[in-house]
Amino acid sequence: MLIKKITYTNRRLHIHIGLLLVLFIWLFSISGLLLNHGDWEFTSFWEQRKQNKTITTIHIPSGLDSTQIVKSILLQLKISGEVNNVKMNADSVDFSVSYPGHVNNIHADFKKSICVQNQLSYNIWGKLRTLHTFNGANKNNTSTAPNWLLTRVWRFSMDGVAIGLIFLSVSSWIMWYKIRKEYTWGYFTLLAGLVLAIYFVLIIRTA
Amino acid sequence: MKKYYPSIRALHLYFGLLISPLVLIFCISVLVLNHTGYVDSNYAIKNLPVIKTRIDKIPYDSSDLQTAKNIIQKLGIKGEIDYIFQNDSQISFPVLLPGFTTSIKIDKQTNEVLISRKEEGTLRATNFLHKMPGPHNAKLRGNSFFMKNWKLLADGVVYLLLFLSASGVFLWYFLKVERKLGWVSIVVGIILFTGLLFFLLT
């Protein structure tokens, strides 16, 4: 009775989690293909990027640390995004602010009280590519968390999609097991998938 | 359309079972990539002892890549050659496998070879596979047998995943019992998806 209930719930969850995630699956599948096929000309984005340079007068209060200065500059420029590559000097600060499809490289000069923004905007293909990888990870310091709320939300949704897909995979095994006598080729296909995965993850480096 | 239901159901089942272990690799690696700090602090990279050896002659060839390929063949090392650095005094390049990196440095004057190896573990192996072949070093990428196969496999998984999600929607549509709740799931998914993209992209 309990097993029947579990398999019934498992099947329902498989259907509804799958339907809930369908657009996310399409997004990450298509963007994954774009990242692996940089030679597809119709999806080129770097050559089509738009560049814009603006110079703005700003006021930088003295006695602040680099984080406070960056926050103050972002507030004055009315921009937001994931802040990266902060390089603080005695009389200037350089950093970049990004969100998917958009990068803003900023140089603020304390003495001249000016801020130079070099903005890069990508087309739809560039946006798709950056959505796939936009998790706020810092290669130089892996212990730091994303500093923009929306990066955290997007990273959380990436985790959610991954956990959802793990459930869909495992639940499919349970669903097939129930009807394995009708679908006997399932033994072969599941085994083939497992062998391939184990080979690439575990065996190849020891062979 | 309903006449296609049995065959689409069978394909959905078989393709799903086939790629499910590979989908697990991609999903686990997403968690690894998003929480690198946790992985780094709990699963240390093991540096193996450096090997010092010598080759009789550097097997120069038509390109840096071919030379590097000849070198690893001589040294009995397998893997994907990453970027190659070469100047007047040395040639160096990493050789990558999922979860294992070998760095090779050859002194051009003495033919002395330094081989450093890093055992990165299973979680980082999934991470590596997720990122490969990827957008970087496109000219060099796919220089090993395993990477050529992985590239085909990764593409295959994505195409089948697209098929599975589309066929899943088709199969659900004919399940009258689940139709109402199914619409709710789809609408919630659309709201979450468009809402997130709206805030992220604008």
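Residues numbered from 1 in each chain as written. Chains lettered and ligands numbered in written order. Predicted model: local features only at pLDDT ≥ 70, side-chain atom pairs only at ≥ 80, totals over all residues. Heavy atoms only, no water.

## Structural notes on the environment of Leu168 of chain A
All names here are of chain A.
- Here Leu168 shows up in helix α4 (residues 149-178).
- The exposure class of Leu168 is buried, given its relative accessible area of 11%.
- Measuring from C-alpha to C-alpha, the distance between Leu168 and Asn10 comes to 9.3 Å, with 158 residues separating the pair along the chain. (Helix = DSSP H or I, 4+ residues; strand = E, 2+ residues; numbered from the N terminus. Buried < 20%, exposed > 50% of the residue type's maximum accessible area, 1.4 Å probe, protein only.)

## Re the interface of chain B and chain A
- Counting residues at the interface gives 69 residues for chain B and 64 residues for chain A.
- Of the roughly 5,800 Å² buried at the junction of chain B and chain A (both faces included), carbon and sulfur atoms supply 73%.
- Taken together, the links from chain B to chain A amount to two salt bridges.
- Note that Glu178 of chain B is salt-bridged to Arg12 of chain A, the shortest N-O span being 3.0 Å.
- At the junction of chain B and chain A, the tally comes to 15 residue pairs in polar contact (both at pLDDT 80 or more).
- Only α1 (5-34), α2 (36-42), α4 (121-131), α5 (145-173) and α6 (179-201) of chain B provide two or more residues apiece to the side of chain B that touches chain A.
- Counting residues per element, the side of chain B that touches chain A draws most heavily on α1 of chain B, at 19 residues.
- Residue classes in the side of chain B that touches chain A are distributed as 46 nonpolar, 17 polar and six charged. (Contact = heavy atoms within 4.5 Å. Buried area = accessible area lost by both parts, 1.4 Å probe. Salt bridge = Lys/Arg side-chain N within 4 Å of Asp/Glu carboxyl O. Polar contact = N/O pair within 3.5 Å; in protein donor to acceptor, adjacent residues only side chain to side chain. Nonpolar A, V, L, I, M, F, W, Y, C, P; charged D, E, K, R; others polar.)

## Considering the sheet that holds strand β2 (residues 82-88) of chain A
Residue and element names in this part refer to chain A.
- In space, the five strands of this open sheet follow the order β1-β5-β4-β3-β2, with antiparallel pairing throughout. One side of each edge strand has no neighbouring strand; the edge strands of this open sheet are β1 (50-57) and β2. Looking at each pair of strands side by side, their axes are set apart by 15 degrees on average, direction ignored.
- Of the pairings in the sheet, the one linking β1 to strand β5 (residues 114-121) comprises eight bridges and is antiparallel in character. Within the sheet, the bridge partner assigned to Thr54 lies in β5 and is Gln117. (Pairing = 2+ DSSP bridges. Axes fitted to C-alpha atoms, helices over the stretch in contact; angles between N-to-C directions.)

## Observations concerning the pattern of salt bridges
All names here are of chain B.
- Here the structure, examined in full by the defined rule, presents eight salt bridges over all chains.
- Among the salt bridges present, the one from Arg124 reaches Asp40, with a minimum N-O distance of 3.0 Å. Of this pair, Arg124 sits in helix α4 while Asp40 is found in helix α2, placing the two residues 84 residues apart along the sequence.
- Looking at Arg124, the relative accessible area reads 12%, which means it is buried.
- Through salt bridges with shared partners, one network takes in Glu80, Asp82 and Arg141.

## Looking at the side chain of Ser144 of chain B
Residue and element names in this part refer to chain B.
- In this fold, Ser144 is placed in the loop between α4 and α5.
- A polar contact of 2.7 Å, which involves the side chain of Ser144, links it to the side chain of Glu80.
- Other than its neighbours up to four places away in sequence, Ser144 contacts Gly79 and Glu80.

## Thoughts on α4 of chain B
- Within α4 of chain B the residues assigned to the buried category are Arg124, Ala125, Thr126, Asn127, Phe128, Leu129 and His130 of chain B.
- Each element contacted by the buried residues of α4 of chain B is listed here: α3 (124-133) and α5 (185-203) of chain A together with α1, α2, β4 (90-97) and α5 of chain B.

## So, the pairing of strand β4 (residues 102-109) of chain A
Residues and elements named next belong to chain A.
- Both strand β3 (residues 92-99) and β4 contribute to a ladder of eight bridges, which runs antiparallel. For Ser98, the partnering residue across the bridge sits in β4 and is Val103.
- Connecting β3 to the next strand, β4, in antiparallel fashion are two residues, including Gly101 with a positive phi near 85 degrees.
- Bridge analysis of β4 against β5 gives eight bridges, and the strand direction is antiparallel. Paired with Ala108 across the strands is Cys115, a residue of β5.

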